[in-house]
Amino acid sequence: MIKAAFFDVDGTLLSYRTGRVPTGTREAIEKLQQKGIACIVATGRHISQLEKLPVADIPFDAYLTLNGQLMLDREKRVLFGSPITGKSRDFLVKAFDAHTFPAVMVEENQLYMNYVTEHVRTVSRDMAITIPPLSDYRGGAIYQVCAYLRPGEEQLLAPIAQECVITGWNYGGKDIVAKGGGKMAGIRRYLEETGILPEEIIAFGDAENDLEMIRFAGIGVAMGNGVETVKAAANFVTADIDDDGIEKALRHYRLI
């Protein structure tokens, strides 16, 4: 029996083409909650970004943000977090200050941007991301770093590749979180807190940073618009987001 459903946001709940959450998806989430199935966001985004998107009016039961590094409850109060520490943090702070690559430092309540390039503007426009104001990092706990890297620049992160989890969130950026982190780790922690088992959850995603949670969930669903690695790992490949993929998958499994 499925007791919880986890949803990526960009490309899964929120359409890149229309900039909206499909009506069928909204209705499906409401039907799940009416059946007592918890509906949880699992995203690389910060809660402040979610609050500016068309998903903001959907009353989710919890919010797994920053690729699993910060979990908030229904009222958006922090339940747990896993910051980057040690040598990895030192490297990222130095790279941020030296403008080694454009990056956003993400704290619990604050985002810092070091500098902006045309690549940053293009990626942000394509992803409907508001570029944070330029500011100096002030030393708080870092839960995630978003690096705007062009294809081929991944080697800039080589010094921390073994000490952090680095995943792509689109063609032009990488999310960096603490080793042992990621969406799957955040979901595992949530399950420990609630007593729900992995086989009692369904997860939806489309991108590289969804791969582990798709494999971990009792039912892992890849969106039809997803990348091939996610599709290969999924139990079920549903229709495109703009073809009511989430609703169709839930009907396939008779959850609604």
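Residues numbered from 1 in each chain as written. Predicted model: local features only at pLDDT ≥ 70, side-chain atom pairs only at ≥ 80, totals over all residues. Heavy atoms only, no water.

Participant: Would you take a moment to explain the layout of surface pockets for this structure?
Facilitator: Over the atoms rolls a probe the size of a water molecule, and its path tells where empty space is left. Computed from the structure, the largest pocket encloses a volume of approximately 260 Å³. Lining the largest pocket are 16 residues, with Ser48, Gln49, Lys52, Leu111 and Thr130 positioned closest to its centre. Element by element, the count of residues in the lining of the largest pocket is highest for helix H2 (residues 47-50), at 3 residues. When grouped by side-chain class, the residues that make up the lining of the largest pocket number 8 nonpolar, 6 polar and 2 charged. (1 Å grid on protein atoms, 1.4 Å probe; cavity = no way out; pocket = protein on both sides within 12 Å on 5 of 7 lines; lining within 4 Å. Points joined across faces, edges and corners; volume = space filled by probe spheres on them. Helix = DSSP H or I, 4+ residues; strand = E, 2+ residues; numbered from the N terminus. Nonpolar A, V, L, I, M, F, W, Y, C, P; charged D, E, K, R; others polar.)

Participant: It is not clear to me how the pattern of salt bridges should be interpreted in this structure. Could you clarify?
Facilitator: In a structure, side chains of opposite charge can pair up when their charged atoms sit close to one another. Under the criterion given, the structure shown has 16 salt bridges. In this structure, the salt-bridge partner of Asp10 is Arg45, at a minimum N-O distance of 2.8 Å. Of this pair, Asp10 sits in the loop between strand E1 (4-7) and helix H1 (23-34) while Arg45 sits in the loop between strand E2 (38-42) and H2; the two residues are 35 residues apart in sequence, bridging distant segments of the chain. Given a relative accessible area of 10%, Asp10 falls into the buried group. (Salt bridge = Lys/Arg side-chain N within 4 Å of Asp/Glu carboxyl O. Buried < 20%, exposed > 50% of the residue type's maximum accessible area, 1.4 Å probe, protein only.)

Participant: Is there a simple way to explain the packing of H1 against helix H8 (residues 245-252) in this structure?
Facilitator: Pairs of packed helices are described in terms of their axes, by the angle between the two and the distance that separates them. Viewed as axis vectors pointing N to C, H1 and H8 meet at an angle of 40°, and their least axial separation amounts to 7 Å. Classified by the angle between their axes, H1 and H8 sit oblique to one another. Here H1 contributes Gly24, Thr25, Ala28, Lys31 and Leu32 to the contact with H8, which in turn contributes Ile246, Glu247, Leu250 and Arg251. Considering only residue class, the contact of H1 with H8 consists of 4 nonpolar, 2 polar and 3 charged. (Axes fitted to C-alpha atoms, helices over the stretch in contact; angles between N-to-C directions. Parallel < 35°, antiparallel > 145°, perpendicular 65-115°, else oblique. Contact = heavy atoms within 4.5 Å.)

Participant: Teacher, can you tell me more about helix H5 (residues 183-194) here?
Facilitator: Compared with the 16 Å implied by 1.5 Å per residue over 12 residues, the 16 Å span of H5 between its first and last C-alpha is a close match. Buried residues of H5: Lys183, Gly186, Ile187, Tyr190 and Leu191, and no others. Looking straight down H5, one finds that the buried residues subtend no more than 140° of arc, so they occupy a single side. One or two residues past the end of H5 sits Gly195, with phi positive at roughly 80°. (Expected span 1.5 Å × (residues − 1). Arc of directions from axis to C-beta.)

Participant: Explain the packing of aromatic side chains here, please?
Facilitator: Geometrically, a pair of aromatic rings is defined through the distance of the ring centres and the angle of the planes. Taken as a whole, this structure holds 5 aromatic pairs when the rule is applied. With centroids separated by 5.7 Å and ring planes inclined at 80°, the aromatic side chains of Phe236 and Tyr253 adopt a geometry described as edge-to-face. Of this pair, Phe236 sits in strand E13 (residues 236-237) while Tyr253 sits in the segment after H8, placing them 17 residues apart in sequence. (Phe/Tyr/Trp six-rings, centres within 6.5 Å; stacked < 30°, edge-to-face > 60°.)

Participant: Looking at this structure, how should I read empty space enclosed by the protein?
Facilitator: Using the criterion set out here, one finds 2 cavities of 30 Å³ or more in the structure. Its boundaries defined by the atoms lining it, the largest cavity holds a volume of some 270 Å³. Lining the largest cavity are 25 residues, with Asp10, Gly44, Arg45, Trp169 and Asp175 sitting closest to its centre. Elements with a contribution of two residues or more to the lining of the largest cavity: strand E6 (103-106) and strand E8 (144-148). Examining the composition of the lining of the largest cavity, we find that 3 residues originate from one element, E8, more than from any other. Here the second largest cavity defines a volume of roughly 50 Å³.

Everything listed here is a matter of geometry and, on its own, says nothing about what the molecule does.
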